[in-house]
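# A look at the structure
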Amino acid sequence: MFVTFEGCEGVGKSTQLAMLKEYLKNTGQDAVYVREPGSTEISEKIRAIILDPENTEMSAETEALLYAAARAQLVKEVIRPALDEGKTVICDRYIDSSVAYQGYARGLGRDFVEKINCYALENATPDVTVFIDLRPSASFRSTSRNDRMERESRDFHDKVYEGFIAQSEASNGRFVMIKPEKDKNATQKKIVDALRERGALK
Ligand code: TYD
């Protein structure tokens, strides 16, 4: 099973992923955990270029191609071999982030993004995508990281959200929409229940 996690900035995705990892460990279930862009030596180098706040001249096309390049390396090196061995792969962001950020928010369009990514994916398409369904949080700007994407406008991040919603509607049920609860444990329970229901977890 190939499970991806998606969401806007500052919605608690990382917390929920860490909790899920703990749950799987405690219940004796193995999985391969990766994040995008990154998780291979080359993909992490590409990540540094993409997110460097000094790269203000980067064109939208370059950005989309770099995300796809980082993805191609991760698929070839880690995801495809793991899936071929029958392992569960859990990936923090994937193709739907490219469609939402580069396709919708940067305005490149969904077709362009899907086209360039078809070379990267090697048919490694997610079985289930958990979407943390919350508009981008105003609080994300106060994080210390402040990378090139986080510095984008409120309007940009609102478009990202709209892009994810459009992706979910076109996903033929691949998306699981999780509205976060105030209590992070309650949110986690929703995620675990949804993944179990779809046979992605025991
Ligand atoms: P990261 O620090 O991993 O963000 P988060 O913790 O919110 O997941 O940085 C990844 C950034 O890259 C994030 O702003 C989303 C963006 N992104 C894209 O624009 N396109 C993509 O294809 C991917 C995978 C990420």
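As the structure is a prediction and not an experimental result, all values here were calculated from the model.

### Thoughts on the packing of aromatic side chains
- Applying the stated criterion across every chain, the model contains six aromatic pairs.
- Measuring from centroid to centroid gives 6.2 Å for Tyr101 and Phe156, while their planes differ by 55°, and the two rings are tilted. You can see Tyr101 sitting in helix α4 (residues 95–105) and its partner Phe156 sitting in helix α6 (residues 154–169), a full 55 residues away along the chain.
- By relative accessible area, which is 5% here, Tyr101 ends up buried.
- Among the residues examined, Phe156 registers a relative accessible area of 5% and is labelled buried.

### Description of the nonpolar core
- Membership of the largest hydrophobic core comes to 35 residues, with the highest contact counts inside it found for Phe5, Leu20, Val130, Val160 and Leu195.
- When residues of this core are assigned to their parent elements, the largest contribution, five residues, is made by α6.
- Discounting chain neighbours no more than four positions away, the residues touching Leu20 are Phe5, Ile90, Gln188, Val192, Leu195 and Leu201.
- Formed by 21 residues, the second largest nonpolar core is a distinct cluster that contains Phe2, Ala68, Val99 and Leu121.

### Observations concerning the side chain of Glu63
- With respect to the helices and strands, the residue Glu63 is situated in helix α3 (residues 60–84).
- Looking at Glu63, the relative accessible area reads 1%, which means it is buried.
- Not counting the four nearest positions on each side in its chain, Glu63 is found in contact with Ile50, Met58, Gln102, Arg106, Arg148 and Met149.

### A look at the packing of helix α1 (residues 13–26) against helix α7 (residues 184–197)
- Two elements in contact, α1 and α7, have axes separated by 10 Å at closest approach and are oriented at 60°. Compared by their axis directions, α1 and α7 come out oblique. Along this stretch, α1 crosses α7, giving a crossing that reads as right-handed. For the pair formed by α1 and α7, the contact residues are Thr15, Gln16, Met19, Leu20 and Tyr23 on the first element and Lys184, Asn185, Thr187, Gln188, Ile191, Val192, Leu195 and Arg196 on the second.
- Looking at side-chain class alone, the contact of α1 with α7 contains six nonpolar, five polar and two charged residues.

### Quick word on the sheet that holds strand β4 (residues 128–132)
- Read across the sheet, five strands follow the order β2-β3-β1-β4-β5 without closing on themselves; strand pairing throughout is parallel. Looking at the sheet topology across the chains shown, the edges are occupied by β2 (32–35) and β5 (175–178). For this sheet, the mean inter-axis angle between neighbouring strands, taken without regard to orientation, is 20°.
- Sitting on the sheet, α4 touches β1 (2–7), β4 and β5, and the angle it makes with β1 is about 25°.

### Looking at α1
- Compared with the 20 Å implied by 1.5 Å per residue over 14 residues, the 20 Å span of α1 between its first and last C-alpha is a close match.
- Among the residues making up α1, those that are buried are Lys13, Gln16, Leu17, Met19, Leu20 and Leu24. Take α1 and look down its axis: the buried residues cluster within an arc of 165°, on one side only. Seen from the open side of α1, the exposed residues pointing more than 90 degrees away from its buried face are Ser14, Lys25 and Asn26.
- In this fold, the buried residues of α1 make contact with β1, β2, β3 (89–92), β4 and α7.
- Once α1 ends, the next one or two residues include Gly28, with phi positive near 70°.

Conventions and cut-offs
Residues numbered from 1 in each chain as written. Predicted model: local features only at pLDDT ≥ 70, side-chain atom pairs only at ≥ 80, totals over all residues. Heavy atoms only, no water. Phe/Tyr/Trp six-rings, centres within 6.5 Å; stacked < 30°, edge-to-face > 60°. Helix = DSSP H or I, 4+ residues; strand = E, 2+ residues; numbered from the N terminus. Buried < 20%, exposed > 50% of the residue type's maximum accessible area, 1.4 Å probe, protein only. Core = buried A, V, L, I, M, F, W, Y, C linked by side-chain atoms within 4.5 Å. Contact = heavy atoms within 4.5 Å. Axes fitted to C-alpha atoms, helices over the stretch in contact; angles between N-to-C directions. Parallel < 35°, antiparallel > 145°, perpendicular 65-115°, else oblique. Left-handed = near helix turned anticlockwise from the far one by under 90°. Nonpolar A, V, L, I, M, F, W, Y, C, P; charged D, E, K, R; others polar. Pairing = 2+ DSSP bridges. Expected span 1.5 Å × (residues − 1). Arc of directions from axis to C-beta.

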